[in-house]
Structure formats: C-alpha cells, structure tokens
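Spelled out, the chains give:
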2 protein chains.
Amino acid sequence: MKKKKDSSRYKNYLFNYKVWLSTITGQGIIDEDKYRILKLIKEKGSLKAAVKKVGVSYRKAWGDLKTAEEHLGYQIITKQRGGKEGGTTVLTSKGEKLIEAYEALQEKFDDSVEEAFAEFQRKIKENQ
Amino acid sequence: MKKKKDSSRYKNYLFNYKVWLSTITGQGIIDEDKYRILKLIKEKGSLKAAVKKVGVSYRKAWGDLKTAEEHLGYQIITKQRGGKEGGTTVLTSKGEKLIEAYEALQEKFDDSVEEAFAEFQRKIKENQ
DNA sequence: TTGCGTTGTGTTTTAATATGCATATCGTGA
DNA sequence: TCACGATATGCATATTAAAACACAACGCAA
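This section reports on the structure supplied with the text. If you're wondering where the values come from, they're calculated on a predicted model, not measured in any experiment.

**Points about the protein's contact with DNA strand D**
Moving on, step 1. Contacts to DNA strand D come from 25 residues, most closely from B:Leu47, B:Tyr58, B:Trp62, B:Lys79 and B:Gly86.
Moving on, step 2. Among the atoms of DNA strand D close to the protein, meaning within 4 Å, 66% are from sugar or phosphate groups.
Moving on, step 3. Here a base oxygen of DNA strand D sits 3.0 Å away from a polar atom, N or O, in the main chain of A:Gly82.
Moving on, step 4. Between a phosphate oxygen of DNA strand D and a main-chain N or O atom of B:Leu47, the distance comes to 2.7 Å.
Moving on, step 5. Counting residues per element, the ones that place at least two in the surface near DNA strand D are helix H3 (58–72) of chain A together with helix H2 (47–54), helix H3 (58–72), strand S5 (77–81) and strand S6 (87–91) of chain B.
Moving on, step 6. Within the surface near DNA strand D, the residues separate by chemical class into 4 nonpolar, 11 polar and 10 charged.

What follows is the structure in structure tokens.
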C-alpha cells in the first residue's frame, strides 16, 4: 500500500487549495512536488535520494525535470553519471533562482489569499 | 479523439494557475468544472444539458455533485424526474450562495495574485 | 578490470478516473 | 395508458498517469 501524498497548501480552514504553475500550453513548470525535489537535490546532491524522500518515482521526476527545462529554455540541474558516488545531481544557479522565486510566490499566495479564503468560508457558513 | 479541457485561470503571463477547493480530507467540493456545471444548471434547469456543454459525462457529474453535497452537508441542487420535460435540476438557494462565494473567491484570487505572479515572472526573467 | 551506485531510458504493469452502456424510475400530456 | 425525455445508478470498458521493472552507461576506486 502506497501512502497518499498530497501537495495541498493546508490552511486553517475547512478547505485546501493547491496552486501550480505551467506554461500557457499546459506544460508543467513547477509545483509543490517539484519544488521539494529541487530543494532536496540542493541538500543531498542526488536525484535518487530526493525522489525517495518525496515519494515519487525516479522515472517520473527525471522526465518532469527534463520537460521543465525544455519549456524554460535553460538548465535547472546538472547531472553526472559515474564516479565514486555513482553520480550526482546539483542545482544550477538558475535552478536556485527558480526555487527562490517559487518560495516567494508561495509566501505571497499564503498571505494574499488568506482573506479570500476567510470570506469564502464565512459565506459558506451562512448556508448551515 | 476527445478535446482536452483545461480549467486553468489564464493570466496575462507566461504561466497559468489553477485553484480548487476540497475538504481537508481531500473530497472535492468545487472546482472550475463544477462551477461551470452549476452555472449552466441555473441557466438551463437541466443537468444533462449542462454536462453536455461542459464536456464531462453525466455519470461523473452526477456522482461529483452527490459527493459534494454529502461533504457540505446540504443540498445544492434539487432534482425532479418525469414531467413534461422529462425532468429538471435546479439550484437550491444554498447552491446559489455557493457559486456566488466561489465567484468572489476567484475574483479575489485574480486580483491578489497578480502582483505575486508579476514578481515571480520578473525573477524568472533574470535567468534568461 | 571489476564492482558499486547513480544517472538515463524503454517497456510493462498497476491503479485511478472517466466514459459508455444498459436499464429503471418518474410525471406530464397526448 | 403510452411515449417521451430527463434523472438515477450499477457495471463493464477505456483511458491515462504513475509506478515498477529491467538494463545500459558511466567513472571512480580497490
């Protein structure tokens, strides 16, 4: 049995919300999972270790990162096969900028939507 | 070949975002599709007509609405079989409140995240 | 030169969702 | 009382995304 992963941003309300970014053609750029993987790559220097912790398959994460790079038009990670450790994956400086931008975005979202959520809930509550 | 439906909220940026609400246990309450269906029910008085326009199967929409009602704890639509037209589906007043609250939420999102998006994009642009 | 551990990638399997189909139920109006 | 058209719902099929699997490729270190 696989544990169910949920990348929602939990709020102090009855409801969740999720946000993710994609290109206008629908290609995924970054979401909570990919963000966590990138953070762990930065920490561990290994994609394999990162996906294990996040609980997503290596195959999928590898493909997702490749897709994201293609659509961004630049590399966010640099990978190496072989060597003492078997190989490594590290963030490029652009990759670091990406996660910083994503963090800032999430922070702004958290702040700015709080009121919207509170109001939604208040309106829904009137229905009880 | 089925046409791919996308319930993203398109912005004047390179990116999209999607928002949807669920209970904290992950049960879907409302998203863009369900919102559109409810609007069309209000307009047409028919679930069948609504799902046709939105492009989702009657079977699914019917089940989703039922689930949403179970988790909200009240009815958002009232349905009738038989009669001149074969049957009808209309919104309850609580259903109307729900879509109003959802509209207000989306509006607030649109307003409040605009700045966050702009800043994200500005940061990402530095990467080019 | 062999083994190790990780990246790289196609193929197969599995699981989750949605669709499609079949058929019952109902209420009006002809 | 019969046909119509929409709702109601189980079930079988199809679709899709993800996971699992299986190896190849690589480079260091013993």
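**Re the pattern of salt bridges**
Residues and elements named next belong to chain A.
Moving on, step 1. Evaluation of the coordinates by the stated rule reveals 8 salt bridges over all chains.
Moving on, step 2. Two residues, Asp64 and Lys60, come together in a salt bridge whose shortest N-O distance is 2.7 Å. In this pair, Asp64 and Lys60 both sit in helix H3, 4 residues apart, roughly one turn of the helix.
Moving on, step 3. Judged by its relative accessible area of 27%, Asp64 falls in the partly exposed class.

**Here's the deal with the protein's contact with DNA strand C**
Moving on, step 1. Inspection of the region around DNA strand C gives 23 residues, with A:Leu47, A:Tyr58, A:Trp62, B:Ser57 and B:Gly83 positioned closest.
Moving on, step 2. In the environment of DNA strand C, a phosphate oxygen lies 2.7 Å from a nitrogen or oxygen atom belonging to the side chain of B:Ser57.
Moving on, step 3. B:Lys60 places a side-chain nitrogen or oxygen 3.1 Å from a phosphate oxygen of DNA strand C.
Moving on, step 4. For the surface near DNA strand C, a count of residues per class yields 4 nonpolar, 10 polar and 9 charged.

**So, the packing of helix H1 (residues 32–44) of chain B against H3(B)**
Residue and element names in this part refer to chain B.
Moving on, step 1. At a minimum axis distance of 11 Å, the contact between H1 and H3 shows a crossing angle of 95°. Taken together, H1 and H3 sit at an angle that is classed as roughly perpendicular. Between H1 and H3, the residues in contact are Lys34, Ile37, Leu38 and Ile41 and Ala61, Asp64, Leu65 and Ala68, respectively.
Moving on, step 2. A class-by-class count of the residues in the contact of H1 with H3 yields 6 nonpolar, no polar and 2 charged.

**Overview of the environment of A:Ile37**
Moving on, step 1. Mapping A:Ile37 onto the fold places it in helix H1 (residues 32–44).
Moving on, step 2. Setting aside anything within four residues of it in sequence, one finds A:Ile37 in contact with A:Leu47, A:Ala50, A:Val51, A:Val54, A:Val56 and A:Ala61.

**Let's talk about the pairing of strand S6 (residues 87–91) of chain A**
Along any regular strand, the residues point their side chains to alternate faces of the sheet.
All names here are of chain A.
Moving on, step 1. With 5 bridges connecting them, strand S5 (residues 77–81) and S6 associate as antiparallel partners. For Lys79, the partnering residue across the bridge sits in S6 and is Thr89.
Moving on, step 2. In textbook terms, the turn of a hairpin is the stretch between consecutive antiparallel strands, and for S5 and S6 this stretch comprises 5 residues, one of which, Gly82, has a positive phi near 75°.

**Examining the packing of H1(A) against helix H2 (residues 47–54) of chain A**
Residue and element names in this part refer to chain A.
Moving on, step 1. At a closest axis distance of 8 Å, the pairing of H1 and H2 adopts a crossing angle of 135°. The angle between H1 and H2 falls in the class oblique. Both H1 and H2 take part in a crossing whose hand is right-handed. Between H1 and H2, the residues in contact are Asp33, Arg36, Ile37, Leu40, Ile41 and Lys44 and Leu47, Ala49, Ala50, Val51, Lys53 and Val54, respectively.
Moving on, step 2. Broken down by class, the residue content of the contact of H1 with H2 amounts to 8 nonpolar, no polar and 4 charged.

Definitions and limits used
- Residues numbered from 1 in each chain as written.
- Chains lettered and ligands numbered in written order.
- Predicted model: local features only at pLDDT ≥ 70, side-chain atom pairs only at ≥ 80, totals over all residues.
- Heavy atoms only, no water.
- Near = heavy atom within 4 Å.
- Polar contact = N/O pair within 3.5 Å; in protein donor to acceptor, adjacent residues only side chain to side chain.
- Helix = DSSP H or I, 4+ residues; strand = E, 2+ residues; numbered from the N terminus.
- Nonpolar A, V, L, I, M, F, W, Y, C, P; charged D, E, K, R; others polar.
- Salt bridge = Lys/Arg side-chain N within 4 Å of Asp/Glu carboxyl O.
- Buried < 20%, exposed > 50% of the residue type's maximum accessible area, 1.4 Å probe, protein only.
- Axes fitted to C-alpha atoms, helices over the stretch in contact; angles between N-to-C directions.
- Parallel < 35°, antiparallel > 145°, perpendicular 65-115°, else oblique.
- Contact = heavy atoms within 4.5 Å.
- Pairing = 2+ DSSP bridges.
- Left-handed = near helix turned anticlockwise from the far one by under 90°.

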